[in-house]
Amino acid sequence: MNTSTAPQTSPAHRPDLPEVELLIGGMTCASCAARVEKKLNRMDGVTATVNFATGKARIAHPPEVSVDDLIATVVKTGYTAEEPPRPEPEPEAGAEPAERQAPQDPEPASLRRRLIVSAVLAAPVVLLAMVPALQFDHWQWLSLTLAAPVVVWGGLPFHRAALTNARHGAATMDTLVSIGTLAAFGWSLWALFLGHAGMPGMRHEFSLAVSRTDASSTIYLEVAAGVVAFILLGRFLEARSKRRAGAALRALMELGAKDVAVLRNGTEVRIPVSALAVGDRFVVRPGEKVATDGTVVEGTSAIDASMLTGESVPVDVGVGDTVTGATVNAGGRLVVEATRVGADTQLARMAQLVEDAQNGKAEVQRLADRISAVFVPVVLVIALGTLLTWLFVTGDATAAFTAAVAVLIIACPCALGLATPTALMVGTGRGAQLGILIKGPEVLESTRRVDTVVLDKTGTVTTGRMTLQEVYAAESTDEKQLLRLAGALEHASEHPVARAVAAGAEERVGPLPPVEHFENVPGQGVRGRVEGHEVTVGRFADLAARLPQEVARARHEAESEGRTAVVVGWDGVPRGVVTVADAVKETSAEAVRELRALGLRPMLLTGDNRTVAETVARAVGIDPQDVIAEVLPQDKVDVVRRLQAEGRSVAMVGDGVNDAAALATADLGLAMGTGTDAAIEAGDLTLVRGDLRVVADAIRLSRRTLATIKGNLVWAFGYNVAALPLAAAGLLNPMIAGAAMAFSSVFVVTNSLRLRTFR
């Protein structure tokens, strides 16, 4: 993405500084994350992003600021911080790998226990208060007995967090919950012990809105207990949903093989994958996972890469082909030489890209964080104002207190803090499952604006390699014989055109015969003896001049359309012509149609001559006026800038080193994962497989994720804006407010989880 327009607050934009990731403990809402981020960013030279949903901080810091200094700052702010635990050392090579236990997260278990106890105790309290027919003599004392543990023990996380924040002069969502529930509980204690509420035979009417009654005979035990139980339920569902939201990344990280059979002096030795080194040769049997990225040195098979690329059709591989770690061998035995290990593998890089994206923040989230940071203090002022206003206007302390407590509880900005990160977690995770890697949340905003897609031709729209196209045989010549003899001769040559002819011939007519007396004639072609015939293939002028008229015409047409035509003859007689070209990918035309359906204008960019470019453009459905040909690699950036100067928002799709600068300059860079590392590093989106249709999928997924984020924010903002006046006006019972607040957060997370169904 064009760095001039990207937010500069993300660590990703400080490549000159070392980065660290910290696990932040004690955060309970978006305002907590905003406070930690604000404190860290006040340190000299430090740039931090704190994500409430993932509980992590990504921090770029100068060398003079140590990690201990960063942790100390977080602790001073009232939270805990630590570096993520490092993986345990693997056993020595040859030793049996220890069985791994998945780390258990203690928080959901603790939260579940607290929720179950609180819900069981709070349910009778709420029922007794809401259904007057159930109220018996001294029922209020039973309610107090049941409600006290809920408020004190069940609500302990809120009270503890509120106290910690108060010590640091801050207020968060926990402050609102703690003040609201303790105020309701304290009022109830006063009414029971010092007022008339503790009298035998006391009855309590329930109303959804504020009702005026005698202050000394009104208790709020159902509010105190019910709100704690509802908010604990919201927190539990939220925690569980966040775990589901991050499931795609965890699944991605667990895809890899755990151990591998390495060849040592011709024998197989089983070692942990982490002990593999570049250059090691290892065996992959049918049904096994490929241990790491490498090159096949022995055997042929089919590789199932669906878990990495989303592509369901296995790919045939043989000697010299590359394979990716974590893919599954679906056919024969392979021996693979490791070319990348550990953090350099495609799987590890994919997981890192996804995690980086989930830890980042979109601009809309930064706005939500800024609002959350000032929202809680504003709500405390509104609650106090509500209390004083009701007292002044009505003189009714009960109604005033009820309205103020409802304001405190309804206003918690939980949903606001979860709106963006949960959608981002689910969207990027789903993308990874489909072979779409979104590098950062800023990318989502770019996809909304894009109106033009510039497609690099070679390797993106086309396969990037020469393939056999047409065969034109003279009238008296058998086409299969022509292909067999030409293919056999070309098989002995290393020229790209020769390799294309040989591969195409072998595919169409089967095994090729041997060649004798092979000779390469510079600038002309090759000749040699095949099956007793003196065969020549190339541009031999004497043969070309004697081609039959219809074959000569076909040759001329092929060359005028940008294909390479070679003449085939034997025994001194021209027998026909074969043509080769960089073939258009089968899916490219469909991809262009899908891009048009998204309202985008596809353009073709290439260094090839215009004739070839327009031929490819016609094949995929791109208009001739949208073809930019004969462009030098260094001029691709200028093309992108020129389109931007015309007022277009440009997405660039490419795969080569020569595309890297253009990918970085474009408003949105989409790198084909089959391309070079330079292109992948420069792109904003990486498409793991080389299918151009994934471009449309990526843009659709990005737009849908952004739409989900916006829908969440509209709900969260709208909910708070609409609910606060209702609560202040006395139209909401505090317990109903607590339930509504809790389920607002659950709604936001559940809405985000719908992205898991994206196809």
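Throughout, residues of each chain are indexed from 1 in the direction in which the sequence is written. This being a predicted model, a pLDDT of at least 70 is required before a residue's local features are given, and a value of 80 or more before pairs of side-chain atoms are given or counted; all residues contribute to the totals for chains, interfaces and linings. Where side-chain values are given, they derive from all heavy atoms of the structure, hydrogens and water being excluded.

**Considering the side chain of Asp-456**
- With respect to the helices and strands, the residue Asp-456 is situated in strand S15 (residues 452-456).
- A polar contact of 2.9 Å, which involves the side chain of Asp-456, links it to the side chain of Lys-636.
- Note on contacts: a residue pair is in contact if any heavy atoms of the two residues lie within 4.5 Å. With sequence-adjacent residues up to four places away left out, Asp-456 is seen in contact with Val-461, Leu-605, Lys-636, Met-652, Val-653, Gly-654, Asp-655 and Asp-659. Working definition: helices are DSSP H or I runs of at least four residues, strands are E runs of at least two. Numbering for both runs from the N terminus. Under this definition, polar contacts are N or O atom pairs within 3.5 Å; protein pairs additionally need one hydrogen-donor-capable and one acceptor-capable atom, and for neighbouring residues in sequence, both atoms have to be side-chain atoms.

**Quick look at the sheet that holds strand S14 (residues 436-438)**
- Two strands are counted as paired when DSSP detects at least two bridges linking them. In spatial order, the strands read S14-S26-S25-S24-S15-S22-S23; together these seven strands make up an open sheet with mixed pairing. Either end of the sheet is taken by a strand with one partner, and the two such strands are S14 and strand S23 (627-628).
- For strand S24 (residues 650-654) and strand S25 (residues 668-672), the ladder comprises four bridges, and the chain directions are parallel. The residue bridging Gly-654 from the neighbouring strand is Ala-671, located in S25.
- Helix H25 (residues 693-728) rests against S14, S24, S25 and strand S26 (685-687) of the sheet, and its axis sits at about 45° to S14. In this analysis an axis means a line fitted to C-alpha atoms, helices contributing only their contacting stretch, and an angle means the value between N-to-C directions, from 0 to 180 degrees.

**Describing the nonpolar core**
- Remark: nonpolar core denotes a set of buried residues (Ala, Val, Leu, Ile, Met, Phe, Trp, Tyr, Cys) joined through side-chain atoms within 4.5 Å. Any residue under 20% of the maximum accessible area for its type is buried, any over 50% is exposed, and the rest in between are partly exposed; the area is computed with a 1.4 Å probe on protein chains only. Leu-455 and Leu-670 are the most contacted members of the largest nonpolar core, which has 48 residues in total.
- Among the elements that take part in this core, H25 stands out by supplying nine residues, more than any other.
- With residues up to four places along the chain from it excluded, the contact list for Leu-670 reads Ala-651, Met-652, Val-653, Gly-654, Leu-663, Leu-685, Leu-687, Val-695 and Ala-698.
- Listed in part, the 36 residues of the second largest apolar core include Val-151, Met-202, Val-223 and Val-228.

**With respect to a nonpolar patch on the surface**
- What goes into a patch is any residue over 30% in relative accessible area without a salt bridge, connected to like charges within 9 Å or, for nonpolar side chains (Val, Leu, Ile, Met, Phe, Trp, Tyr), within 5 Å. Computed with a 1.4 Å probe, the accessible areas rest on the Shrake-Rupley method; for each residue, only the protein chains presented here act as cover. We define a salt bridge as a contact between a side-chain nitrogen of Lys or Arg and a carboxyl oxygen of Asp or Glu at a distance within 4 Å. Nonpolar side chains collect at one region of the surface, where Leu-127, Met-130, Val-131 and Leu-134 lie side by side and expose about 310 Å² of accessible area between them.
- When you line up the elements, Met-130 lands in helix H3 (residues 106-130).

**As for the pattern of salt bridges**
- Taken as a whole and assessed by the stated rule, the structure comprises 21 salt bridges.
- One salt bridge connects Arg-596 with Asp-623, and the closest N-O pair in it is separated by 3.9 Å. Of this pair, Arg-596 sits in helix H20 (residues 588-597) while Asp-623 sits in the loop between helix H21 (610-620) and S23, and the two are 27 residues apart along the sequence.
- Residue classification places Arg-596 among the partly exposed positions, given a relative accessible area of 34%.
- Since its relative accessible area comes to 30%, Asp-623 is described here as partly exposed.
- In this structure, Glu-646 engages Arg-648 in a salt bridge whose closest nitrogen and oxygen atoms are separated by 3.5 Å.
- Using a relative accessible area of 48% as the deciding quantity, one classes Glu-646 as partly exposed.

**Considering unusual backbone geometry**
- The phi angle at His-138 is positive, at roughly 70°, despite the residue not being glycine.
- One can find His-138 in the loop between H3 and helix H4 (139-154).
- Residue classification places His-138 among the partly exposed positions, given a relative accessible area of 40%.
- Notably, Ala-326 is not glycine yet its phi reads approximately 85°, a positive angle.

**Some points on H25**
- Expected span of a helix, by definition, is 1.5 Å for each gap between consecutive residues, and there is one gap fewer than residues. Over its 36 residues, H25 extends 53 Å from the first C-alpha to the last, a length consistent with the 52 Å expected when each residue adds 1.5 Å.
- Gly-730, located one to two residues past H25, shows a positive phi value of around 80°.

**Thoughts on the packing of helix H16 (residues 479-490) against helix H17 (residues 496-509)**
- One can describe the packing of H16 onto H17 by two numbers: an axis separation of 8 Å at closest approach and a directional angle of 135°. For the element pair H16 / H17, the angle class is oblique. The crossing of H16 and H17 is left-handed. Facing Lys-480, Leu-483, Arg-484, Ala-486, Gly-487 and Glu-490 of H16, the residues of H17 in contact are Ala-498, Val-501, Ala-502, Ala-505, Arg-508 and Val-509.
- Any residue that is not Ala, Val, Leu, Ile, Met, Phe, Trp, Tyr, Cys, Pro, Asp, Glu, Lys or Arg is counted as polar, Gly included; the first ten are nonpolar and the last four charged. Partitioned by chemical class, the residues of the contact of H16 with H17 number seven nonpolar, one polar and four charged. If an angle is under 35 degrees, it is roughly parallel; if it is over 145, roughly antiparallel; if it lies from 65 to 115, roughly perpendicular; otherwise it is oblique. Handedness of a helix crossing follows the sense of rotation of the near helix relative to the far helix, less than a right angle counterclockwise being left-handed and clockwise being right-handed.

**Let's talk about the packing of aromatic side chains**
- Only Phe, Tyr and Trp rings take part, Trp by its six-membered ring, and two of them pair if their centres are within 6.5 Å. Stacked means planes under 30 degrees apart, edge-to-face means over 60, and tilted covers everything else. Applying the stated criterion across every chain yields a total of four aromatic pairs.
- Between the aromatic rings of Trp-187 and Trp-190, the centroid separation amounts to 5.9 Å while the plane-to-plane angle is 70°, which identifies the pairing as edge-to-face. Taken as a pair, Trp-187 and Trp-190 lie in helix H6 (residues 173-193) at a separation of three residues, close to a single helical turn.
- Summarising the aromatic geometry, the rings of Trp-715 and Phe-747 are spaced 4.6 Å apart at their centres and angled 45° between planes, so their arrangement reads as tilted. Taken together, the positions of Trp-715 in helix H25 and Phe-747 in helix H26 (residues 734-753) put the pair 32 residues apart, joining distant regions of the chain.
- Judged by its relative accessible area of 36%, Trp-715 is partly exposed.
- Each residue in the set Trp-187, Trp-190 and Phe-401 is aromatic and connected to the rest through ring pairs, giving one cluster.
- The ring of Trp-153 has Arg-114 sitting right over it, with the charged end atom 4.8 Å from the ring centre. Charge-over-ring contacts are defined here by two conditions on Lys NZ or Arg CZ: a distance within 6 Å of the ring centre and an angle within 35 degrees of the ring normal.

**A few points about the sheet that holds strand S7 (residues 281-284)**
- Reading across from one edge, S6-S5-S7-S13-S8-S11 is the order of the six strands in this open sheet, with antiparallel pairing throughout. Both edges of this open sheet fall to strand S6 (267-272) and strand S11 (322-323), since each of them pairs with a single strand only.
- Judged from the six bridges that link them, strand S5 (residues 259-264) and S6 form a sheet pairing that is antiparallel. In the strand pairing of S6, Asp-259 is matched with Pro-272.

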